[in-house]
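Overview (structure and organization)
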Protein chains: 4
Amino acid sequence: MGNTFGQVFRVTTFGESHGPVVGAVIDGCPARLELCESDIQPQLDRRRPGQSDLTTPRGEADRVQLVSGVEKGVTLGSPLTVLVANRDTKPEDYGEMVAAPRPSHADYSYKMKYGVLASSGGGRASARETVGRVAAGAIAEKLLRVRYGVEIVAWVESVQDLCVSEPDVDKLTRAAVDRTPVRCPDAEVAQKMADRIREAKAGGNSLGGVVACVCRHVPAGWGEPVFDKLSARLAAAMMSIPATRGFEIGLGFRSTRMSGSDHNDRFVRKGDRLGTATNRSGGIQGGLSNGEPIVFRVAFKPPATIGLLQETTDWNGKPLILAAKGRHDPCVVPRAVAVVESMAALVLADAALLAVAAG
Amino acid sequence: MGNTFGQVFRVTTFGESHGPVVGAVIDGCPARLELCESDIQPQLDRRRPGQSDLTTPRGEADRVQLVSGVEKGVTLGSPLTVLVANRDTKPEDYGEMVAAPRPSHADYSYKMKYGVLASSGGGRASARETVGRVAAGAIAEKLLRVRYGVEIVAWVESVQDLCVSEPDVDKLTRAAVDRTPVRCPDAEVAQKMADRIREAKAGGNSLGGVVACVCRHVPAGWGEPVFDKLSARLAAAMMSIPATRGFEIGLGFRSTRMSGSDHNDRFVRKGDRLGTATNRSGGIQGGLSNGEPIVFRVAFKPPATIGLLQETTDWNGKPLILAAKGRHDPCVVPRAVAVVESMAALVLADAALLAVAAG
Amino acid sequence: MGNTFGQVFRVTTFGESHGPVVGAVIDGCPARLELCESDIQPQLDRRRPGQSDLTTPRGEADRVQLVSGVEKGVTLGSPLTVLVANRDTKPEDYGEMVAAPRPSHADYSYKMKYGVLASSGGGRASARETVGRVAAGAIAEKLLRVRYGVEIVAWVESVQDLCVSEPDVDKLTRAAVDRTPVRCPDAEVAQKMADRIREAKAGGNSLGGVVACVCRHVPAGWGEPVFDKLSARLAAAMMSIPATRGFEIGLGFRSTRMSGSDHNDRFVRKGDRLGTATNRSGGIQGGLSNGEPIVFRVAFKPPATIGLLQETTDWNGKPLILAAKGRHDPCVVPRAVAVVESMAALVLADAALLAVAAG
Amino acid sequence: MGNTFGQVFRVTTFGESHGPVVGAVIDGCPARLELCESDIQPQLDRRRPGQSDLTTPRGEADRVQLVSGVEKGVTLGSPLTVLVANRDTKPEDYGEMVAAPRPSHADYSYKMKYGVLASSGGGRASARETVGRVAAGAIAEKLLRVRYGVEIVAWVESVQDLCVSEPDVDKLTRAAVDRTPVRCPDAEVAQKMADRIREAKAGGNSLGGVVACVCRHVPAGWGEPVFDKLSARLAAAMMSIPATRGFEIGLGFRSTRMSGSDHNDRFVRKGDRLGTATNRSGGIQGGLSNGEPIVFRVAFKPPATIGLLQETTDWNGKPLILAAKGRHDPCVVPRAVAVVESMAALVLADAALLAVAAG
């Protein structure tokens, strides 16, 4: 249910933010893929806390251990298990929620569902749960790259109103994205974003932003036609990331202000295949990839944990002033880039294997 | 896979737009629910073509037949099967795609996936597939209403740039929505929208728009915490509807331009439960319902089928000018209202049963 | 849940024994398979009631209608829907269970689960539910035959203590099985079985028996290694057929009385592949096919509906003497042959597509 | 797929026999169940190798670690992860399969499926994979016992032709079963079985046997009616255990030799509920529990690994004489008792949660 994603390439994540370990089991990865821990570590490093002064100071090396499914550097076809130890847990920081559910946090809804709370509040609602996703996504990416040459690159498009226009999605690289700690490929805007984030951090506040992503070289015809449209699967994948509030494929909400004659992508010949002259649809038609780059956007709200005092109530509805102590990111988008890429990889790896099955 | 939705309350739709029948099998509906065809027909009527001059002229009565799972007016716990006959099929209208894939249609991606095309092009990509969803959704709604008092109301928020501000989501009714054929609760804006749609129709063009939706009286604690967050399930459900391009929960993309102190929903006492003073989160925290109204938005692109001539290519990449003949809606949002409500009902009915199982 | 079988090649059956229709939706069948109703009808004819004096007199022509997923004689990749009308329903025959749950029938357990009963008692527990399985199985068989040359032949191995030894499983044909109405390939034993069945019928009693089955030309390596072993999937498939009580693969329970040195199948060269000199394992090792014929057995208990008077109680535990009126088979194995073959085909078609996905 | 079992109470096992760790993730276990490692260890101890001179000498303490999903002794509703380290691995013992696939082992079929072999041959086909099942099953059992009072007891019914008649299934306890190392509740027959096993071990041979099992206090109405009949789920669960060859519910194959009037279980009043005077059906009618004890049998073939020399071929079909070196059990049934109980618990826990969802 909630903790498993995918139909044939299937990932199950586990672990509490303040327990001994987080990780994932990846089932359905084909045998004979060359795979080792160093295929996984780089994306974990891009996701890990403490990588720059823009993120939470929680110090986690996040070294991955691959404890099943691989022998002599190749996958066996059996489940791959990745473990990442939690080192810098401070459950005492979360004492305030014993008294009161934190506003816009999962404390309250978790309590209503489970009747019990992990010491870190919505334990599995923590961003730390995404460690397992990123490790699994790195494996999915390896499969996609080796078999199909698929490339996935996400970037920070906006922090609040600071926004960059779309880069050349045919050419954008992760190296270009990583040139700034905020992971926005426009250095000038990136600087402004970083300043804004530091300012929020200093002021005990938090900021929202948008992560955009392109998936290149996805063959035409991946995806399912009705409920499991590739766009629907991507939407589910992205909206399952903590703090997400919106998803757009192609022109997204902008398309709603257009007419059909302005929006339609006419076909043109591209070498030995058909392509489209424009890509307003974002690479997906009728739920299936059409061979053009898949382009989508994900909205991240400002993190709920802020240092500023907040008027709210305790669990019984009695008013109080809350001061949060847990460490947190003032803005999640720089680290979310790796999570967005990873979830996209999980969606595409599953679609790739299903496309083979349907063939 | 593509044709089944839900984990415990499960719907499988079937049927081609130009075959004899479309329908759905609904499995997992609890026994002893009072149910008859008249529980289903009203929503089909709100979805059916030809209901006003704003829609496609395809004439379909869309009378539902309930052929299994019910006896003496109550459900048996066995699969419910609904059938709706196709009467007004004109496959000859679709001859043009024999020569060329229609721009921004599913013809091309379907051909790449399946190697064969239904005579209506992307047969299952047709809006007619949503008949099964709406019939199934009406059953889900009945269950939700009877057991939990859940109410679901969607409305047209915008057609192109013509936009209404959010109505009182605690009180909005379907009757209020249905007062205008465009299904926008603001009569004045609705009139402008209708004019704009008629204008597009006359000009052989099409328009995009946004459908918004509220789900009221959803108990706190429904949903799953990680991959199957209620927001993720709603996103998948909505993005599986033909012509959708974006999804927002709560403030959606607007939240990305805010700070945490402005966005957080502080708790207040509401009678004998905790509630929030504002509802910027749209009723979901950490993927679980929090007891506030669930509010979301769905972006619909302008329909791809337009009467205007389009420059494109044939299947071999040779340029040609395409003139479409298939009947179509100039703007799908008035009819999409019922589809959005239905998919929301399917998500919530599944969540309701899973919440019981987890209890 | 209960009404869907398979992971990639997926079948959902629906319909009550005494409703207007029974049928199935088959999702995941690859596109471009040549398919028409005459591919399905022959197996339905072998399953249908009234085909000989050994079966129930319920008269059903069981003509299949294929109403979705096929156009111009080929599959589209969309769901295939088959419908079979119920003609000869006599719900009045089932009035006795209003007063009392029939012994060894599903009336009681259905009532405990659902709190309501179809007029035919355990409506979906009826053998009539298998119509959908057989129609779906015929489609699966077509796929397996065309793509892989797989052949599936089941036969009646025993009726009570009347038992035939294993025929040459490399050569046995359906024609040979169908030479007698009891579907036992040994004419002499078949005659005794038929006599025994007629005798039971005349005496208002019923008989059990065993159906055996061989699946030939299944490539090595199909199946999954742990929970979805091919043997486990076959067991689940067979034990889901009404009235089944046991399942054996290869030597089954006989193997428990052997030693390893007597049971092991040593390898030998068979043309350009490895094979085994004996096939005590029944074609499956470690849950995966090994290229040898898959051979299994299914135990069917005597039908619960008998004409003889039975001491039992009413729904409140008050003793009474029950006289059943519903029409029934005195022994199900002659008709079960087609059901066993169909379920085997569903298991193998799913395994075939999953094997492709894993490749 | 292969490595996950269950629909709502879901278990995924992972780990190679000769890797660092084996384990399982259990998703869907309700929150607020009291749970600690000492709930799990006893069944692992009953399963572990080296517990008596009847088992393989591989020395594994099999200490369980519960690393997620529990805090302060209660479950959180999040995935439970159990890890068990492998200590006594001797991959060098498996060198012979580099040269030749071992007869009646999974080496050959695994190689055909995956194209690569773990150093232990069919790594996931190893009985060591069942460690994860037993740990998960112990958790399922705790849930079933606390919530419903369900009790599950398995025992060795036969080793080769040495067989005990059915004990009083209403009263049999695990303590009674554990009185002998062979786990047969009849001390005299148990002694003969133990002698037979030691004899086989001394002679480098192996033996088959039957494990029987009773599940008491299962409420009436659990299970699903069609494909996921409780009997079908149990059959799948049992036939997924390594070395199993057959499954029977109730009288199983014996019922095929009976008539309906002899087999039917007539109803009688049992206190405030209906029960049956006999239990030939083994507690399941129409796929649903009927409130009587669920009784089933599982056939285990003699282990394929034997010390005796075997004529077979190498991977290329060239004849050779094989001498196995891997440590193994001469007869698996004494240890299989815990595995059978665990798989039964997994089936019933899933059915319990689904029954709640359907209610």
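Summary of the structure given here. Remember, it's a predicted structure, so these values are computed and weren't measured experimentally.

Structural notes on the interface of chain D and chain C
Many authors give the size of an interface as the accessible area that is lost as the parts come together. Counting residues at the interface gives 90 residues for chain D, matched by 90 residues for chain C. A per-element tally of the side of chain D that touches chain C places helix 7 (residues 230-239) of chain D first, with six residues. Of the residues in the side of chain D that touches chain C, the class split is 37 nonpolar, 37 polar and 16 charged. Sheet topology places strand 11 (residues 244-249) of chain C next to strand 11 (residues 244-249) of chain D; three bridges connect them, and they run antiparallel. Residue C:Glu248 lies in a different strand from strand 11 of chain D, and its bridge partner there is D:Gly246.

Re the interface of chain B and chain A
Chain B puts 90 residues into the contact, and the matching count from chain A is 90 residues. Among the residues forming the side of chain B that touches chain A, the class breakdown is 37 nonpolar, 37 polar and 16 charged.

Looking at helix 6 (residues 187-202) of chain A
All names here are of chain A. With 16 residues, helix 6 extends 22 Å between its outermost C-alpha atoms, agreeing within 8% with the 22 Å of an ideal straight helix rising 1.5 Å per residue. Taken residue by residue, helix 6 has Val189, Ala190, Met193, Ala194, Arg196, Ile197, Ala200 and Lys201 as its buried positions. An end-on view of helix 6 places all buried positions within 165° of arc, on one side of the element. In helix 6, the exposed positions that point more than 90 degrees away from the buried face belong to Ala187, Glu188, Glu199 and Ala202. At the exit of helix 6 stands Gly204, carrying a positive phi of roughly 70°.

Overview of the relation of the copies chain D and chain C
When chain D is fitted to chain C, the residual RMSD is 0.0 Å, and the transformation amounts to a turn of 180° plus an axial shift of 0.0 Å. Accordingly, the operation relating the two chain copies is best matched by a two-fold axis. Both copies contact each other with a shared surface, as 100% of the interface residues of chain D are interface residues in chain C too.

Observations concerning the pairing of strand 3 (residues 21-27) of chain B
Residue and element names in this part refer to chain B. With six of its seven residues buried, strand 3 lies for the most part within the structure. Of the strand pairs in this sheet, strand 2 (residues 10-14) and strand 3 are connected by five bridges, and their pairing is antiparallel. Directly across from Thr12, in strand 3, lies its bridge partner Val25. The turn linking strand 2 back onto strand 3 is made up of six residues, and Gly15 within it adopts a positive phi angle of 110°. Bridge analysis of strand 3 against strand 7 (residues 80-85) gives six bridges, and the strand direction is antiparallel. Pairing of Ile26 across the sheet is with Leu80, part of strand 7.

What counts and how
- Residues numbered from 1 in each chain as written.
- Chains lettered and ligands numbered in written order.
- Predicted model: local features only at pLDDT ≥ 70, side-chain atom pairs only at ≥ 80, totals over all residues.
- Contact = placed C-beta atoms within 7 Å.
- Helix = DSSP H or I, 4+ residues; strand = E, 2+ residues; numbered from the N terminus.
- Nonpolar A, V, L, I, M, F, W, Y, C, P; charged D, E, K, R; others polar.
- Pairing = 2+ DSSP bridges.
- Expected span 1.5 Å × (residues − 1).
- Buried ≥ 20, exposed ≤ 12 C-beta atoms within 10 Å, placed from the backbone.
- Arc of directions from axis to C-beta.
- Least-squares fit on C-alpha atoms with pLDDT ≥ 70 in both.

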